[in-house]
Amino acid sequence: MDDLEHYFEELKLKRIPEIYKEEAKIAAEKKLDYTEYLSDLIEKEYQGKIERSVNQRIHRAGFPCIKTIDGYDFTYQPQLNEKLIRNLSTLEYLDKAINIIFVGPPGIGKSHLSIGLAIKACERRKRVMFYTAQELVDELAKAKLMGHLGRELSKLGRIDLLVLDELGYMDLTKDSATLFFQLVSRRYERGSIILNTNRPFEEWGSLFKDNIIATAILDRLLHHSHVFYITGKSYRLKGHNPKSGEK
Ligand code: ADP
Ligand code: MG
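A short tour of the structure in this document, coming up. As the structure is a computational prediction, the values presented were derived from the model and not from experiment.

**With respect to the pattern of salt bridges**
By the definition in use, this model includes 11 salt bridges. In the salt-bridge network here, residues are joined through shared partners; they are Asp70, Glu82 and Arg86.

**Quick notes on the sheet that holds strand β5 (residues 225–229)**
The five strands are arranged β2-β3-β4-β1-β5 in an open sheet whose pairing can be described as parallel. Strand pairing shows two members of the sheet lacking a second neighbour, β2 (128–132) and β5, which therefore form its edges. For this sheet the average axis-to-axis angle between neighbouring strands, irrespective of direction, equals 10°. Pairing of strand β1 (residues 99–103) with β5 involves five bridges; the strand directions are parallel. Residue pairing for β5: Val103 is matched across the bridge by Tyr229.

**Re the site of ligand 1**
As a matter of local geometry, ligand 1 sits amid 14 residues, with Asp73, Gly107, Lys110, Ser111 and His112 nearest to it. Within the contact set of ligand 1, an oxygen atom lies 2.7 Å away from a backbone nitrogen or oxygen of Gly107. At 3.2 Å from an oxygen atom of ligand 1 is found a side-chain nitrogen or oxygen belonging to Arg236. Contact with the protein chains removes 85% of the 560 Å² of surface that ligand 1 exposes when unbound. A per-class count over the shell around ligand 1 returns five nonpolar, five polar and four charged.

**Things to note about the environment of Lys25**
Take Lys25: it is sitting in helix α2 (residues 15–30). When its relative accessible area of 53% is taken as the criterion, Lys25 is described as exposed. Spatially, the C-alpha atom of Lys25 lies 34 Å from that of Arg125, the residues being 100 residues apart in sequence.

**Details of α2**
In this model, α2 (16 residues) spans 21 Å end to end at C-alpha, consistent with the 22 Å of a helix rising 1.5 Å per residue. The sharpest bend along α2 reaches about 40° and sits at Lys21. Taken together, the buried positions of α2 are Ile16, Ile19, Tyr20, Glu23 and Ala27. Where α2 is buried, its residues touch α1 (2–10) and α3 (34–61). In the stretch just after α2, Lys31 is the one whose phi turns positive, near 55°.

**Brief notes about unusual backbone geometry**
Negative phi values dominate among residues other than glycine, just as trans dominates among peptide bonds. Although it is not a glycine, Glu189 sits at a positive phi angle of roughly 60°. If you trace the backbone, Glu189 turns up in the loop between α9 (174–187) and β4 (192–197). Here Glu189 falls in the partly exposed class, since its relative accessible area comes to 47%. For Lys209, which is not glycine, the phi torsion reads 60° and is therefore positive. Within the secondary structure layout, Lys209 lies in the loop between α10 (204–207) and α11 (211–223). For Lys209, a relative accessible area of 46% puts it in the partly exposed group.

**Concerning the packing of aromatic side chains**
For the structure shown, the criterion picks out nine aromatic pairs. Residues Tyr76 and Tyr235 carry aromatic rings whose centres are separated by 5.0 Å and whose planes lie at 85° to one another, so their mutual orientation is edge-to-face. Placement of Tyr76 in the loop between α3 and α4 (82–88) and of Tyr235 in the segment after β5 is noted, with a sequence separation of 159 residues between them. The exposure class of Tyr76 is buried, given its relative accessible area of 15%. Among the residues examined, Tyr235 registers a relative accessible area of 42% and is labelled partly exposed. A centroid spacing of 6.2 Å and a plane angle of 70° characterise the contact between Phe201 and Tyr229, whose relative ring orientation is edge-to-face.

**As for the side chain of Glu23**
Within the element layout of this structure, Glu23 appears in helix α2. Apart from the residues within four sequence positions on either side, Glu23 is in contact with Tyr37, Asp40, Leu41 and Lys44.

What counts, and at which threshold
Residues numbered from 1 in each chain as written. Chains lettered and ligands numbered in written order. Predicted model: local features only at pLDDT ≥ 70, side-chain atom pairs only at ≥ 80, totals over all residues. Heavy atoms only, no water. Salt bridge = Lys/Arg side-chain N within 4 Å of Asp/Glu carboxyl O. Pairing = 2+ DSSP bridges. Helix = DSSP H or I, 4+ residues; strand = E, 2+ residues; numbered from the N terminus. Axes fitted to C-alpha atoms, helices over the stretch in contact; angles between N-to-C directions. Near = heavy atom within 4 Å. Polar contact = N/O pair within 3.5 Å; in protein donor to acceptor, adjacent residues only side chain to side chain. Areas by Shrake-Rupley, 256 points an atom, 1.4 Å probe, with all protein chains shown as cover. Nonpolar A, V, L, I, M, F, W, Y, C, P; charged D, E, K, R; others polar. Buried < 20%, exposed > 50% of the residue type's maximum accessible area, 1.4 Å probe, protein only. Expected span 1.5 Å × (residues − 1). Bend = angle between axes of the 7 residues up to and from the residue. Contact = heavy atoms within 4.5 Å. Phe/Tyr/Trp six-rings, centres within 6.5 Å; stacked < 30°, edge-to-face > 60°.

Structure (structure tokens):
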């Protein structure tokens, strides 16, 4: 038995060591042949490995919380194209490097939907990173200061899906606008971005303190994209409408 434990460890098997004795009993009871017993074990080891890899990807992505598309109440935002959102869960957009942009006021589920879609991507074992726009710009500025902006941009260029949340809440300098442009250019037609903003596109000139850069950013972001304008009520205020009498 010691030998077996040794091989399990060397082969980095995780699930089989936990279940092989129990499975052997079940196999004997069910009169499974050796091949069936072995293939059951291998299948469970494989499923365990996939599960661990998905969890690791979700963990590494750095989501502030876990949200799912199934947990989103589409009846609360009836003007939102549920069919298209559900269709995006199939991740075809990722292969085509199409961007997804959610525009709208706070509390309408921009972060929720983008995390939900990004988790679907993790489940397909895609590499995903979640940043607020502020964190991203800070990270790029730091990399530039340290002299490795190129390396940072390549790293961000290789991720399968980049989620950028809360664009529009922070003060952008012209320098950070240039960094943002470099990132968007790097990913243009190579990898998808999901971007959330409370600022309509007409305001991006003042947001980025430069109309030309804002236009260049929008040009690349929107060329292949799905844009969702969500205009409904904040979900955070659900049940707080004094006139509705709801709770
Ligand atoms: P935003 O990013 O647009 O400000 P969030 O995604 O942070 O909004 O949503 C605020 C809170 O309300 C979150 O807890 C989110 O899960 C929840 N929420 C928003 N819209 C819905 C909805 N339609 N169905 C279920 N939960 C929602
Ligand atoms: Mg949000």
